[in-house]
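Report on the structure
Next come the chains, spelled out residue by residue.
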Amino acid sequence: MRGRKLEKLLMDCVTENQESIYRLAYSYVKNKEDALDIIQDAIHKAFLSIDKLQNKGSIKSWFYRIVVTTSLDFLRKHKNMHVMEDEILESFIPGQNDTYPNLDLAESVNDLPEKYRTVIILRFFEDMKIEDIAEVIQENASTVKTRLYQALKRLRISLEEEQLKEVHPVE
């Protein structure tokens, strides 16, 4: 009976947080279909290992951890393959308006090492609290804070370098 209750809790968690879960997966792979595949795979993994869940109150962070791990596994398996969204491909068609919303920031976040990128994504894109992030990545809160500050410092340096390149282009 415990298994059925946990399965119901898991499905409720996925249903209630579906947009956030999708954004989390998408933030890693930048592709709709791949993000949906990751979510499907994460749900499957969660059902297979639901009996290992110790605290039913932490089901959300437990599932987020599975999504993050599944996303990182996907990236490792497909690290040489780059799929572009239709909207991005259309932007290369001549006559389209050139728009670059937050391109430097997005690229800088993607260039961060995995441990920093995960903390930035969970904190600022998923609006998670430090304690929740610590639970998702299975680290203590002070480690999360340290990584967050280090990541922000790296981002600031990266963005400042980009601005300098724009002001003083290399010829």
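Keep in mind the model is a prediction, meaning the values are calculated, not measured.

Further remarks concern the pattern of salt bridges. In this structure the tally under the stated criterion is eight salt bridges. Linking Asp12 and Lys8 is a salt bridge whose minimum nitrogen-to-oxygen distance equals 3.1 Å. With Asp12 and Lys8 both in helix H1 (residues 2-16), this residue pair falls four residues apart, about one helical turn. For Lys8, a relative accessible area of 51% translates into the label exposed. Members of the salt-bridge network, linked through shared partners, are Asp41, Lys45, Asp73, Arg76 and Glu114.

Look at helix H2 (residues 18-29) against helix H7 (residues 114-125): their axes get within 11 Å of each other, and the N-to-C directions meet at 140°. Taken together, the axes of H2 and H7 are oblique relative to one another. Helix-helix and strand crossings are classified by hand; for H2 and H7 the assignment is right-handed. In contact with Arg23, Leu24, Ser27 and Tyr28 of H2, H7 contributes Arg117, Thr118, Ile121, Leu122 and Phe125.

Residues Phe124, Phe125, Tyr149 and Leu152 make up a contiguous nonpolar surface patch of about 440 Å² in total accessible area. Sorting the residues of the nonpolar patch by element identifies H7 and helix H9 (141-167) as the ones contributing at least two each. Here Tyr149 lies in helix H9. Residue Tyr149 is classed as exposed on the basis of its relative accessible area of 58%.

What counts and how
- Residues numbered from 1 in each chain as written.
- Predicted model: local features only at pLDDT ≥ 70, side-chain atom pairs only at ≥ 80, totals over all residues.
- Heavy atoms only, no water.
- Salt bridge = Lys/Arg side-chain N within 4 Å of Asp/Glu carboxyl O.
- Helix = DSSP H or I, 4+ residues; strand = E, 2+ residues; numbered from the N terminus.
- Buried < 20%, exposed > 50% of the residue type's maximum accessible area, 1.4 Å probe, protein only.
- Axes fitted to C-alpha atoms, helices over the stretch in contact; angles between N-to-C directions.
- Parallel < 35°, antiparallel > 145°, perpendicular 65-115°, else oblique.
- Left-handed = near helix turned anticlockwise from the far one by under 90°.
- Contact = heavy atoms within 4.5 Å.
- Patch = residues over 30% accessible without salt bridge, like charges linked within 9 Å, V, L, I, M, F, W, Y side chains within 5 Å.
- Areas by Shrake-Rupley, 256 points an atom, 1.4 Å probe, with all protein chains shown as cover.

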